[in-house]
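Report on the structure
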Amino acid sequence: MSEGVVKKILISYAYVGIWIFLSFTVIVYNKYILDKKMFNWPFPISLTMIHMGFCSSLAFILVRVLKLVEPVSMSRELYMSSVVPIGALYSLSLWFSNSAYIYLSVSFIQMLKALMPVAVYSIGVLFKKESFKTEVMANMLSISFGVAIAAYGEAKFDTWGVILQLAAVAFEATRLVLIQILLTSKGITLNPITSLYYVAPCCLVFLFVPWVIVEFPVLRDTSSFHFDWAIFGTNSFCAFALNLAVFLLVGKTSALTMNVAGVVKDWLLIAFSWSVIRDTVTPINLVGYGVAFLGVCYYNAVKLKALKAKEGQKKPPPEDEEAGKLLEERDGERVAGKTDSQD
């Protein structure tokens, strides 16, 4: 194995490690802030708005001031018809997922998140972006069955918390499908930085209305609370750094690598939740999540196989490639001969 290949592999592992660390940190940090037994600041809309305000400001600096990232050419009509609906779904997804931390353990939330492929596939079929296949649906049912077992074995099951997390998964899955329909199909690709630049201000606007109704009156009457700049500043910076890590990870490896790294991160979070936070993780929890985990692994393996087959169709066979090169060389010699004779 050449030195260049080893270096490339090590860099890829470094990006994966950074992404896992930051994703891990943001999840645990959010739990710490929102949990009533820890920092005791149960205001998920406010926390999400702080994140969006911070991230949109930094994204603006990177795109418009420092010009380190190229903005996407986008008309106002396209922004209103495509980005605004995606921003609305993203704001709901973040609001509900952060709210779930108040009611559920970190470990159980990661188990419920295993339903994401099920939601994405189901909504993709509904919007006719995916074709219905019995084999795939059977795999989706196995994942759902595993999550149901994990939920049955949950020691501190909270119905409202589960509803919030499932709603967050549904909104996030719909957002991912709409990105394909409203943006990718039109040739527009947003990386995590340009996504924040365009989508974060939308989220801020959409979250403002429920914030005024739900959280602002409570915050106004809570005179004992003082805004901790160190806590919320570092938390917001970690959230932005996570988006930057996604940008680097997908750019240097692939989206599939991030999915596989996500599975590793989930197991680490479950272990951390059990050993450090002292959340109760039962054997039934682990059996259920193990079933769901195998289903997600199979789903990723099928996706990888399909991706390789698609890439294989684009590339000509080795013999055709060699023949093409020989023809190109002969054509080049003929052109060179004609040029010499003309001179």
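The structure reproduced in this document is the subject of the present report. Note that the structure is a prediction, hence the values are computed from the model and not measured.

Scanning the protein from N- to C-terminus turns up twelve helices and zero strands. The helix and strand sequence of the protein, counted from the amino end, reads α-α-α-α-α-α-α-α-α-α-α-α. Taken across its 343 residues, the protein has 43% of its residues classed as buried. When the accessible area of the protein is evaluated, it comes to approximately 19,300 Å², of which 66% is carbon and sulfur surface.

Throughout the structure, instances matching the rule amount to one cavity of 30 Å³ or more. Taken as a whole, the largest cavity encloses approximately 30 Å³ of empty space. Ser105, Glu154, Lys156, Asp279 and Thr280 are the residues that line the largest cavity. Residue composition of the lining of the largest cavity, grouped by class: no nonpolar, two polar and three charged.

Once that is clear, we can look at the environment of Trp267. Tracing the sequence through the fold places Trp267 in helix H10 (residues 255-275). We classify Trp267 as partly exposed; its relative accessible area is 30%. Sequence separation of Trp267 and Ser107 is 160 residues, and the distance between their C-alpha atoms is 8.5 Å. Other than its neighbours up to four places away in sequence, Trp267 contacts Leu286, Tyr289 and Phe293.

With that settled, consider the nonpolar core. By size, the foremost hydrophobic cluster in this structure holds 49 residues, and its most contacted members are Ile33, Trp41, Phe108 and Met111. The biggest single contributor to this core is helix H1 (residues 3-34), with six residues. If we ignore the near neighbours within four places in the chain, the residues touching Phe108 are Ala150, Ala151, Glu154, Phe157 and Val162. The next biggest cluster of nonpolar side chains, apart from the first, holds 27 residues, and it includes Leu89, Leu183, Ile188 and Leu190.

Inspection of the entire model under this criterion finds four salt bridges. A salt bridge links Asp35 to Lys31, with the nearest nitrogen and oxygen atoms 2.8 Å apart. A relative accessible area of 4% places Lys31 in the buried class. Between Lys265 and Asp266 there is a salt bridge; the shortest N-O distance is 3.7 Å. The pair formed by Lys265 and Asp266 is uniform in burial state, with each residue classed as buried.

Turning our eyes to something else, we now look at the environment of Ala114. Here Ala114 is to be found in the loop between helix H4 (106-112) and helix H5 (116-126). Residue Ala114 is classed as buried on the basis of its relative accessible area of 8%. Separated by 182 residues in sequence, Ala114 and Val296 place their C-alpha atoms 7.2 Å apart. Setting aside residues no more than four positions away along its own chain, Ala114 makes contact with Ile143, Val147, Tyr289, Ala292 and Val296.

In this section: the layout of surface pockets. Looking at the second largest pocket, its volume works out to about 270 Å³. Forming the boundary of the second largest pocket are 14 residues, of which Lys31, Asp35, Lys37, Lys156 and Asp279 lie nearest the centre. Looking at the lining of the second largest pocket, its residues break down into five nonpolar, one polar and eight charged.

For the rest of this paragraph, the subject is helix H6 (residues 134-152). Counted at 1.5 Å a residue, the expected span for H6 with its 19 residues is 27 Å, and the 27 Å between its end C-alpha atoms agrees. Every buried residue belonging to H6 is among Asn139, Met140, Ile143, Gly146, Val147, Ala150 and Ala151, and all of these are buried. Projected onto a plane normal to the axis of H6, the buried residues spread over an arc of 145° and lie on a single side. Exposed and oriented more than 90 degrees from the buried face of H6 are Thr134, Glu135, Leu141, Phe145 and Tyr152.

The rules behind each value
- Residues numbered from 1 in each chain as written.
- Predicted model: local features only at pLDDT ≥ 70, side-chain atom pairs only at ≥ 80, totals over all residues.
- Heavy atoms only, no water.
- Helix = DSSP H or I, 4+ residues; strand = E, 2+ residues; numbered from the N terminus.
- Buried < 20%, exposed > 50% of the residue type's maximum accessible area, 1.4 Å probe, protein only.
- Areas by Shrake-Rupley, 256 points an atom, 1.4 Å probe, with all protein chains shown as cover.
- 1 Å grid on protein atoms, 1.4 Å probe; cavity = no way out; pocket = protein on both sides within 12 Å on 5 of 7 lines; lining within 4 Å.
- Points joined across faces, edges and corners; volume = space filled by probe spheres on them.
- Nonpolar A, V, L, I, M, F, W, Y, C, P; charged D, E, K, R; others polar.
- Contact = heavy atoms within 4.5 Å.
- Core = buried A, V, L, I, M, F, W, Y, C linked by side-chain atoms within 4.5 Å.
- Salt bridge = Lys/Arg side-chain N within 4 Å of Asp/Glu carboxyl O.
- Expected span 1.5 Å × (residues − 1).
- Arc of directions from axis to C-beta.

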